[in-house]
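# Remarks on the overall topology
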Amino acid sequence: MLARIAGQRGIQRGVRSKLLGLACASAAPRIPKHHDAPSRAMATTAVVTKARNAPVLKVQPWTRDTASPDNVRKIVALPSDFLECFPVEELPLTLQKTFAFFATPSLMLRKSTLRLAAEISKAFSGDKSGPTQFVVDGVKGIGKSAALLQVVMHHHALKHVVIYIPRASVVINGTEPFVPRDEILYDQPALAASILDSIYGLNQHLLEEIKLSDAASGYANLGELVRDAATDPSKAHRNFDILMRELLDPQTAGLRPPVLIAVDQVNALYSVSEYHDVGSKPIEGHRFSIARTLLDLFKTPNGLPNAAIVGATDPTVHTAQPANLSRLQRVATEEMPELPLVVSHADVTPTTALEKQEWIGEKAVVFELPPLSTDEVSTLMEWYMRGKLMYRVELHRRLVERQRVMTGGTGQALFNSCLASRVADPRTIEFISTSVPEPSEHSVLLVGDLSVATEDERAEMLHVLKGGDMDAEQDRGTAAQVFLDEIPELERMQCG
Amino acid sequence: MLYLLGVNLPDTRRVATALTYIYGIGNSTGESVCHRLGIHPRARLNELTEDQVTRLSQLLNTMKIEAELKREVSNRISQKVNMGCYQGIRHQMRLPVHGQRTRNNARTARRLNGRGFQKREYSRCGVLMKFHRTILN
């Protein structure tokens, strides 16, 4: 009832948000405290779906034919078999917040995601000179986790072996038991077992068809190996090493399906963890065997045979002190002793570490996601309207352009803006049906035709690929100018 | 509740936090104990294995905590009182020891200091006399 009142016309924005909050609080069940549970805000939003009677929208699930130019800017649902292996609670937190508001977890297919998938597919084509290591980078909220998830679903639908780690920060956040393997490395048996369990759930039939080349391991096929380790943490690390060795063996590359390893929050692996050694010194992330295995794959000089590894960065992961900082400090002391040793956190962001290429190989490619285009913002806002996230809003060109400019083209900011009903201001509603401009011809992407940078350009840009149009910046400038020209001067002053 | 070295520790707390319930262990010591035993920071006390609990109790046995620590503190105060130094006199007089003001406040010192050195005044008159002496000081 409170939610219905909040949806009525004439309710002020502050009052509406308070009414929605009361509706959530009254509908929220008592949630037991557990250190692995999501925060209170996340738990509250998870109940909002029920409290606000989210409509069940018909959305096509992801299939092997979804990744095509015909489906660009379409909303596609996560398939049910994928959700059985990775429930919404195990996905990245940024996606959980969006999925909590809809009955069916869905994502929009972007052109940049298609391009990323095409680049990765080249790695499976047998071209040994092409890149097999990819890093998806971009500003906060641009859609890195969403793009990675869609790539994972694409390759899972194509019956490839997919190893997906949705939250690499669990390696370093101090929630898993750890034991020292030797003087350098540490093991996390329970975490390794849970990762193997998810691998088995996602690739059960594929792994059972792959025979082991090493008969001494005592297992008939990879499926048996992974299943045994998933139930017995004492064997987890040993079997995980055998699994990676078998899947990435160059001699058997042609005898098995392609392998995709996708790691979200990859920058957490090279930061300092919450764990401490016996001497109370913090342990760096790369000293954990799981992280070491994955980082070694990123640094493999000759690439991966019939396989690819993709990592998405997450600027929200706390990187207190990257692994290379001590080396930087030592170099500063030896070469330039007059410089202060204090290095601010701003100097060692994930992007900075990527530019220094401390942890990725020479052939690795950094894929930067572009901001949302006007068409994509329009599609998302239309989706939010269908999902009853926004109330009594007429979608028109000026509104879409304004939202795109105000949010900077980031999906997360757009979602938060629509969620807070900042769009539903009766003073800005114009009942003029203006159509959103049609996409231009050059924005159509052919999957087979890749406008990849040349070797010289790549070397110059530090292996950076732009995922969007060449005139994306121009589009944003044009949109901003349109917005500034149309609003009165007084209102412009109020907007700041 | 985990009963360890005469102290009931809450099971649902994190290990480092639960150890602070022991007299003589604070946040820093609790964390360093976890580091030495290889217990991850987010571990709860009820998640520890028997082997870990055994090693924890063995490590705590080597530390000066609880009764042994209280005894040492009491001995140090007695030593100062017997010595007749300024701090000993302040303990005897149940006043602040470290130079705090006594014109007002100092209620904690008057309540807690020198409890082992003052005879109990069971009669009301005795309590009033003691109160007046304290005010004059």
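First, a word on what this report is: a plain description of the structure on this page.

Here is what the cut-offs are and how they apply
Per chain, residue numbering runs from 1 following the sequence as it is written. Note on labels: chains are lettered from A, ligands numbered from 1, in written order. The predicted origin of the model limits local features to residues at a pLDDT of at least 70 and limits the giving and counting of side-chain atom pairs to 80 or more, whereas totals for whole chains, interfaces and linings rest on all residues. The basis for the side-chain values is all heavy atoms of the structure; hydrogens and waters are excluded. Numbering goes from the N terminus for both helices and strands, where a helix is a DSSP run of H or I of at least four residues and a strand is a run of E of at least two. The buried label goes to any residue with under 20% of its type's maximum accessible area, the exposed label to any with over 50%, and the partly exposed label to all in between, with areas taken from a 1.4 Å probe on protein chains only. The Shrake-Rupley method, run with a 1.4 Å probe, gives the accessible areas here. Residue values count only the displayed protein chains as cover. The contact criterion used throughout is that any non-hydrogen atoms of two residues lie within 4.5 Å. Here, a strand pair is defined by DSSP locating no fewer than two bridges between the strands. Interaxial angles span 0 to 180 degrees and are taken between N-to-C directions of axes, which are lines fitted to C-alpha atoms, for helices over the stretch in contact. Reported buried area values correspond to the accessible surface (1.4 Å probe) lost by two parts on association, with both partners' losses combined. Salt-bridge detection follows one rule: a side-chain nitrogen of Lys or Arg within 4 Å of a carboxyl oxygen of Asp or Glu. Here a polar contact is taken to be a pair of N or O atoms separated by no more than 3.5 Å, where protein atoms must pair a possible hydrogen donor with a possible acceptor and residues adjacent in sequence count only if both atoms sit in side chains. The classification used treats Ala, Val, Leu, Ile, Met, Phe, Trp, Tyr, Cys and Pro as nonpolar, Asp, Glu, Lys and Arg as charged, and all other residues, Gly among them, as polar. Here a cavity means grid points, on a 1 Å grid over the protein atoms only, where a 1.4 Å probe fits yet cannot get out; a pocket means an open set of points with protein on both sides within 12 Å along at least five of seven lines; lining residues are those with an atom within 4 Å of a point. Grid points are joined across faces, edges and corners, and a volume is the space filled by probe spheres set on the points. We call a set of buried residues a nonpolar core when its members are Ala, Val, Leu, Ile, Met, Phe, Trp, Tyr or Cys and they connect through side-chain atoms within 4.5 Å of each other. The arc in question is the one spanned by the directions pointing from the helix axis to the C-beta atoms. Roughly parallel here means an angle under 35 degrees, roughly antiparallel means over 145, roughly perpendicular means 65 to 115, and every remaining angle is called oblique. Handedness of each helix crossing follows the sense of rotation of the near helix against the far helix: counterclockwise by less than a right angle gives left-handed, clockwise gives right-handed.

Looking only at helices and strands, chain A features 19 helices and 13 strands. Residue burial in chain A is summarised as follows: out of 496 residues, 50% are buried. Total accessible area on chain A stands at roughly 24,300 Å², and carbon and sulfur atoms take up 54% of it.

This paragraph deals with the overall build of chain B. From N to C terminus, chain B includes seven helices and two strands. Reading the helices (α) and strands (β) of chain B from amino to carboxyl end gives β-β-α-α-α-α-α-α-α. Restricting to contacts in chain B with at least 6 residues of sequence separation, those with at least 24 account for 47%. When the accessible surface of chain B is split by element, carbon and sulfur atoms take 48% of a total near 9,400 Å².

Residues and elements named next belong to chain A. With respect to topology, three strands assemble into an open sheet ordered β1-β2-β3, the strand pairing being mixed. Both edges of this open sheet fall to β1 (60–61) and β3 (106–108), since each of them pairs with a single strand only. Bridge analysis of β1 against strand β2 (residues 75–77) gives two bridges, and the strand direction is parallel. The residue of β2 that forms the bridge with Q60 is V76. Those strands touched by helix α14 (residues 374–386) are β2 and β3, and its axis lies near 155° from that of β3.

Facing the 13 residues of chain A at the interface are ten residues of chain B. At the boundary of chain A with chain B, total buried surface from both sides reaches about 950 Å², with 53% on carbon and sulfur atoms. At the junction of chain A and chain B, the tally comes to zero salt bridges. Here chain A is connected to chain B by four residue pairs in polar contact (both at pLDDT 80 or more). Classifying every residue of the side of chain A that touches chain B by side-chain character gives four nonpolar, six polar and three charged.

All names here are of chain A. Within the secondary structure, D264 is located in strand β8 (residues 259–264). Residue D264 is classed as buried on the basis of its relative accessible area of 0%. For the pair D264 and D314, spaced 50 residues apart in sequence, the C-alpha to C-alpha distance is 7.5 Å. Polar contacts involving the side chain of D264 include one to the side chain of S145, which spans 2.8 Å.

All right, on to unusual backbone geometry then. Of note, R73 of chain A is a non-glycine position whose phi angle comes to about 70°, a positive value. Tracing the chain through its elements places R73 of chain A in the loop between β1 and β2. Look at R94 of chain B: it is not a glycine, yet its phi comes out positive at around 60°. One can find R94 of chain B in the loop between α5 (86–92) and α6 (107–112). Looking at R94 of chain B, the relative accessible area reads 15%, which means it is buried.

A separate point is empty space enclosed by the protein. The probe, sized like a water molecule, is rolled over the atoms to show the empty space still left. Residues and elements named next belong to chain A. Evaluated as defined, the whole model comprises four cavities of 30 Å³ or more. Together, 34 residues line the largest cavity, and L95, L107, G143, A146 and G411 are the ones closest to its centre. When contributions to the lining of the largest cavity are tallied by element, the ones reaching two or more residues are α5 (93–99), β3, α6 (111–123), α7 (144–157), α14 and α16 (411–419). Ranked by residues supplied to the lining of the largest cavity, first place goes to α7 with five residues. A class-by-class count of the residues in the lining of the largest cavity yields 15 nonpolar, 14 polar and five charged.

Looking now at the nonpolar core. When a protein is soluble and globular, its nonpolar side chains tend to lie buried together. Residues and elements named next belong to chain A. L243, I261 and L269 are the most contacted members of the largest nonpolar core, which has 54 residues in total. Only β5 (161–165), α8 (189–208), α9 (222–231), α10 (236–247), β8, α11 (289–299) and β11 (307–312) provide two or more residues apiece to this core. The element contributing the most residues to this core is α8, with nine residues. The contacts of L269, once residues within four sequence positions are left out, are A168, V171, V263, G285, H286, A291, L294 and L295. V76, C85, A117 and L202 belong to the second-largest nonpolar core, a separate cluster that totals 40 residues.

Attention now moves to the environment of S112 of chain A. With respect to the helices and strands, S112 of chain A occurs in helix α6. Spatially, the C-alpha atom of S112 of chain A lies 9.8 Å from that of P371 of chain A, the residues being 259 residues apart in sequence.

The next subject is the environment of T94 of chain A. All names here are of chain A. Tracing the backbone through its elements, the reader meets T94 in helix α5. Residue classification places T94 among the partly exposed positions, given a relative accessible area of 29%. Ignoring any residue separated from it by four or fewer positions in sequence, one finds T94 in contact with S145 and Q412.

Residues and elements named next belong to chain A. Turning to its location among the elements, Q265 is positioned in the loop between β8 and β9 (272–276). Judged by its relative accessible area of 9%, Q265 is buried. A distance of 2.7 Å separates polar atoms of two side chains, one belonging to Q265 and the other to S169. Contact partners of Q265, with chain neighbours within four places excluded, come to R167, A168, S169, A312, D314 and V317.

A few words now on α9 of chain A. Residues and elements named next belong to chain A. Along α9, the residues that are buried comprise L222, G223, L225, V226, A229 and A230. One side of α9 carries all its buried residues, which in axial view fall inside an arc of 160°. Near the N-terminus of α9, the side chain that reaches the backbone nitrogen of G223, with its oxygen 3.2 Å away, is that of N221.

Attention now moves to the packing of helix α2 (residues 27–37) of chain B against helix α3 (residues 50–61) of chain B. All names here are of chain B. Taken N-terminus to C-terminus, the directions of α2 and α3 make an angle of 125°; their axes are 11 Å apart at the nearest point. Comparing their axes, α3 and α2 come out oblique. The two elements α2 and α3 meet at a crossing, and its hand is right-handed. The residues of α3 that touch α2, namely those facing V33, R36 and L37, are R55, L56 and L59. Residue classes in the contact of α2 with α3 are distributed as four nonpolar, no polar and two charged.

What is shown is where atoms sit, not what they do.
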